[in-house]
Every structure is written in structure tokens, then in C-alpha cells.
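Given next are the chains, with one letter for each unit.
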Amino acid sequence: MAIGNEKLIEMYRAMVRIRTFEERVVKEFAAGKIPGAVHLYAGEEAVATGACANLRPDDYITSTHRGHGHLIAKGGKTDRMMAELYGKKTGYNKGKGGSMHLADMEIGILGANAIVGAGIPIAAGAALSAQMRGTDQVVIGFLGDGATNTSRFHEGVNLAAIWNLPVVYVIENNMYAEATPLSAACKLTNLSDRAKAYGIPGKTVDGNDVLAVYKAVGEAVARARKGQGPTLIECKTYRYRGHFEGDPQTYKTKEEVEEWMKKDPIPRFRKQLIETGVLTEEDADKIAREMNEEIEKAVKFAEESPYPAPEEALEDVYA
Ligand SMILES: Cc1ncc(C[n+]2csc(CCOP(=O)(O)OP(=O)(O)O)c2C)c(N)n1
Ligand SMILES: [Mg+2]
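An account of the accompanying structure is given in this report.

Reading the values: the criteria
Residues numbered from 1 in each chain as written. Chains lettered and ligands numbered in written order. Predicted model: local features only at pLDDT ≥ 70, side-chain atom pairs only at ≥ 80, totals over all residues. Heavy atoms only, no water. Pairing = 2+ DSSP bridges. Helix = DSSP H or I, 4+ residues; strand = E, 2+ residues; numbered from the N terminus. Axes fitted to C-alpha atoms, helices over the stretch in contact; angles between N-to-C directions. Contact = heavy atoms within 4.5 Å. Buried < 20%, exposed > 50% of the residue type's maximum accessible area, 1.4 Å probe, protein only. Right-handed = clockwise from strand over helix to strand, strands pointing away. Parallel < 35°, antiparallel > 145°, perpendicular 65-115°, else oblique. Left-handed = near helix turned anticlockwise from the far one by under 90°. Nonpolar A, V, L, I, M, F, W, Y, C, P; charged D, E, K, R; others polar.

Overview of the sheet that holds strand 6 (residues 202-206)
Part 1: Spatially, 1-2-3-7-6 is the arrangement adopted by the five strands of the open sheet, whose pairing is parallel. Both outer strands of the open sheet, strand 1 (60-62) and strand 6, are each paired with one neighbouring strand and no more. The sheet shows a mean angle of 20 degrees between the axes of neighbouring strands, taken without regard to direction.
Part 2: Across six bridges, strand 3 (residues 167-173) lies against strand 7 (residues 231-236) in parallel orientation. Bridge assignment links Y169 to a residue of strand 7, and that residue is L232.
Part 3: Running at roughly 165 degrees to strand 2 (residues 139-144), helix 2 (residues 45-52) makes contact with strand 1, strand 2, strand 3 and strand 7 of the sheet.

See below:
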């Protein structure tokens, strides 16, 4: 599979943008500038990036409580995201949703979701809508390993299978659901084996290898676009931070963390791009500087934006 240099660089930029955004979220959250809870994606950037690099602007995604990476990979704007995290009126949800409800319907982001597994049937629904409207749009539904143990997984994937819906389910197996290791919650080694129960193809890939994710999801997206139905893809990865910011992470061992740090998807892809002559060291450093500048601007935008007015509290919300 030949991937043009422009595409490779676009993917690298997306991964660095996600990491830089979140490194800044860590600082601002610790400084008390961001209310509520944040669940960081650091370490898993190759999954969202490799998956979304196969999508068109009019395709859809559903996200999870760990959604910053999905949003950025689908083209979400970091200034509006940061403003939302700050609870400001200029944010994606006018400051009323925060990290776990980020959405941008204009570019097919049907929303992050704090209810584990809730995006799975929503992805099936969006795919049904594309099928009924006769478009060739595709949906990617992101979910965690833990979400594969919910009833919504069974209902959503089963419906997608029997109706042959244009959806790709991408499992981000980061080995934990909160503090529970996957081995305590599921007997399988590869979660893609669950696809057999629904009669659809399943595949497991190295989720820290952006090109492996890109290729596997690319094949699944092509199948879905041709009307050949859903695919279940498991990406094995690791979250570097806690389940949420503030999690003491007593359930992880030092050795485990060190092992996964060696497999960090960003330095790994950087090395690959430099070795193959796609980027020079200077180019890669320039991308890092540009992302720092972008995120600096996003923070300034968030800080200088107003909070929603008290009299707007009941607008745009369900009661
Ligand atoms: C329906 C529901 N049950 C429980 C929770 C509490 N909860 C939040 S995240 C989470 C773990 C999810 O694990 P996984 O799907 O592997 O996603 P990860 O956090 O690892 O990305 C749980 C149990 C919830 N938000 N919603
Ligand atoms: Mg998990």
C-alpha cells in the first residue's frame, strides 16, 4: 500500500497535535482552570489518527469519554475544544458539555459520550441513516475494551451485522477499564474474536503502529462503502495517564509502564518518517513548534472567551 508523503505528514501532525493538546490540558487541569473530569488519550494517538485518516469530511464518528484524540483526528478545532473544556461560551457545546460531550455535527463528529458503550448503537443508527438515504457515507464507532462487555455492544454490533450497515467498530484495547485489567473482565486474548458471534470480519492490530491501524481500518472502510457491511477491529494500545486525571494508578506496575513507553507511537512514527526520508529532524521539530504555538493560541482563546450567561443555562439542554 503506497501512502503519499503528504498523507503521512498529515497523520504525524495529527498525532503531535493530540499529544500537545493533552499535555497542556494536564497543566491547566492541575492549575484548576478546567472544571469537571478529563480522561486523557495520551499513548493511544495512533488509533484515532490511523482510523480517521481513512474518512471523508462527510463521514461520521462516535466517540467515548476519552474523546480528545477522536475529535482532533476527525478535524476538530483545538481552540473550540479547549474553550469547551474551560466551560466557555465559544466552546463546541457553548461551555455546557465539557470534555465528555464534545461534538461537531458539521464535520460528522456525533459526540463524545460519558456512558460507556453508548456510541455503539448511535454509530449503527448513523450508518442506518446513510444506508436509507442511499449515500456512501461510512461511520467509525470508537469504543474501549471495557465497552465490549456492555449490552450496547451486543445490540449495536448485532444490528449493524444483520442490516449490513456501513460501520467500522474500532476497539481501543488499552488493557484496562478504569482499574480493572481486561484479563479480569474477559476470557479472550483478542477482542476481535467477538466478531465471530455476529458473523462479521474481525481483525486485531498493533494500535501503537499508525500505519497498521490505517491499513486495517482502510480495508474495513472500503468494504463498508461498497455496501459489504461492518467490521470489528481491535487496536492493542496503552494509556499513559490514569483513567481520569487524578487517578493514583496503583493498579499499574512500573515495568508495564516502562515497556509501553518504549512503544510510544509518536517517537516511533517520527523515526520511521525520518528513516524513510519523508521528514528531516528539522521538519519534525518544526511540526512540534507549530503545534505548541497552536495550542498556546487555543489556551489564550479559551481564557479570553466569556462564560455563558446565567440566563442561558436552560438553552440547548434537555430537561
Ligand atoms: C454505563 C456506564 N457504566 C459505568 C461507567 C463508569 N465508567 C466510566 S469509564 C469506565 C471504563 C471504560 O473502559 P473502556 O471501555 O475500556 O474505556 P477506557 O476508559 O479504557 O478508554 C467505566 C466503567 C460509565 N461511565 N457508564
Ligand atoms: Mg480500556
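Some remarks on the pairing of strand 7
The two faces of a sheet get side chains in turn, since along a regular strand they alternate between them.
Part 1: Of all six residues in strand 7, five are buried; the element is thus mostly enclosed.
Part 2: Two strands pair when backbone bridges link them, and strand 6 and strand 7 are joined in this way by five bridges, in the parallel orientation. Paired with G202 across the strands is L232, a residue of strand 7.
Part 3: Crossover connection from strand 6 via helix 7 (residues 210-225) to parallel strand 7: handedness right-handed.

Considering the environment of K263
Part 1: Position of K263 among the secondary structure elements: in the loop between helix 8 (254-261) and helix 9 (265-275).
Part 2: Overall, K263 belongs to the partly exposed group, its relative accessible area being 34%.
Part 3: Spatially, the C-alpha atoms of K263 and G43 are 8.9 Å apart, while their sequence positions differ by 220 residues.

Considering the packing of helix 1 (residues 5-30) against helix 7
Part 1: Closest axis-to-axis distance for the helix 1/helix 7 pair is 12 Å, and the angle between their directions is 115 degrees. Considered as vectors, helix 1 and helix 7 are oriented roughly perpendicular to each other. Considering how the two elements wind past one another, helix 1 and helix 7 form a crossing that is right-handed. Along the contact surface, helix 1 presents K7, L8, M11 and M15, while helix 7 presents V210, L211 and Y214.
Part 2: For the contact of helix 1 with helix 7, the residue count by class is six nonpolar, no polar and one charged.

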